[in-house]
Amino acid sequence: MAESQELSMDLPVIDLDVFLHNPRDSVEVQAECVKAANALITYGALVLHDSRVSEDDNTIFLDLLEDYFAQPEEDLKKDERPELSYQIGVTLENTEKPKCAVDEPCLNVIERLAPSERPLDIKGHEPDPKCRFFWRMVEAPPYETQFPGLNADNITPDAPHIKERWGPVMNQWGTSMKNAVEGLTQMAAVGLGLPAETFKDAGRYGPHLLAPTASDLQKYGKVNTILAGFHTDLNFLTIHGRSRYPGLHIWARNTGKKIPVKIPQGNYLLVQAGKQLEHITGGLIKAGFHEVVVNESTVKVINDRKEKFPNRPLVRISSTFFWHLSSDYDLVPIPELKQKAKEVRAAQFNLGKDEGEEVEYPALKVGEQVSNELRHIALMAK
């Protein structure tokens, strides 16, 4: 962490297969786990290889979601649940606001970036022109949750050409991503010097969400259109399969550089740290900032798909899964990680890398933390 040389702009690739197929105490497993933890500390993101993941499942999933979001708005509106803070079913475009636009610590992060490395301007605080669907992938807790609104039942769309495919396709792809990210929670725990099940157990009853976003590229296909403004995710870890259209940029914590994300073809997924992981590690791992925009590469793919697949909807689907800690879990920094966070922060400062004001991470329930974040992005009533 304290090296002064330039960090690579290629995200580290972590091999989950090493963890799954070798003894936990083997040198290979321990080294791969340390590599995973260091990747999250240094970059806030990594590429995860898991040979159980099928690119075909992602393709079928993307096809289904393109078909779903190509429906008329009045049909989509039937699946909207604003009374549940949009935490289940569909969220239509121009609803969710990028929190960063009015959040001073976040604006300070942008200010500290070199002008050429800054995200597209979000200060207008306009809502994002993206839709989203939330499909819960959960194990019901054996107790009554204090946060029933964050743990509501799933909604299956009614349209005949979608209804039959929906549950099987969503669950197939969602289970693949959930299994992969839970394996990574174990690797990260080991790499941080904790028991392997520390994070996995804390998230056993979490309101995990398969959470694809959709952007209509017929309407929003011009270069420099912001599809999802500069933000971090409120959950523990976010995992992405490949989208058909580029446009995701991430900011690795210790580089100050904007990185266009490229996920290799095959059994590879992108993982980013979220706010719950930042909180429980006392800031040792920071939630990763990212944006989704239309860039030159996006336009190239739009034109290519128009030619090759003229009858398919021009919709950018993000293949995204939000892994959460359990809503009733007490979210409090782990003392030894909080101490290490202070050391890393001091080392960064000595290298001339100012990380801004030190953040306090108060003890609270995960459900409270989620509710607080939802109010910021205009999905929950204040």
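Since this is a predicted model, take the numbers as computed values, not measurements. (Residues numbered from 1 in each chain as written. Predicted model: local features only at pLDDT ≥ 70, side-chain atom pairs only at ≥ 80, totals over all residues. Heavy atoms only, no water.)

A. Examining the packing of aromatic side chains more closely. Scanning the entire structure with this criterion turns up 12 aromatic pairs. Look at Phe-134 and Phe-322: their rings are 6.1 Å apart centre to centre, the planes differ by 75°, and that puts the pair in the edge-to-face class. Placement of the pair is Phe-134 in strand E4 (residues 131–136) and Phe-322 in strand E14 (residues 320–323), with a sequence separation of 188 residues. Judged on exposure class, the residue Phe-134 and its partner Phe-322 are both buried. Aromatic pair Phe-236 and Trp-323: ring centres 5.4 Å apart, planes at 65°, arrangement edge-to-face. In this pair, Phe-236 sits in the loop between strand E7 (226–231) and strand E8 (237–240) while Trp-323 sits in strand E14, placing the two residues 87 residues apart along the sequence. The residues Phe-236 and Trp-323 share a single accessibility class, namely buried. One aromatic cluster is present, formed by Tyr-68, Phe-69, Phe-133, Trp-135 and Trp-166 through successive ring pairs. (Phe/Tyr/Trp six-rings, centres within 6.5 Å; stacked < 30°, edge-to-face > 60°. Helix = DSSP H or I, 4+ residues; strand = E, 2+ residues; numbered from the N terminus. Buried < 20%, exposed > 50% of the residue type's maximum accessible area, 1.4 Å probe, protein only.)

B. Looking closely at empty space enclosed by the protein. Scanning the entire structure with this criterion turns up two cavities of 30 Å³ or more. For the second largest cavity, the full set of lining residues is Val-53, Ser-54, Glu-55, Asn-58, Trp-173, Gly-241, Arg-242, Gly-266, Tyr-268 and Leu-269. Contributions of two or more residues to the lining of the second largest cavity are made by helix H3 (55–69) and strand E11 (268–273). Partitioned by chemical class, the residues of the lining of the second largest cavity number four nonpolar, four polar and two charged. (1 Å grid on protein atoms, 1.4 Å probe; cavity = no way out; pocket = protein on both sides within 12 Å on 5 of 7 lines; lining within 4 Å. Points joined across faces, edges and corners; volume = space filled by probe spheres on them. Nonpolar A, V, L, I, M, F, W, Y, C, P; charged D, E, K, R; others polar.)

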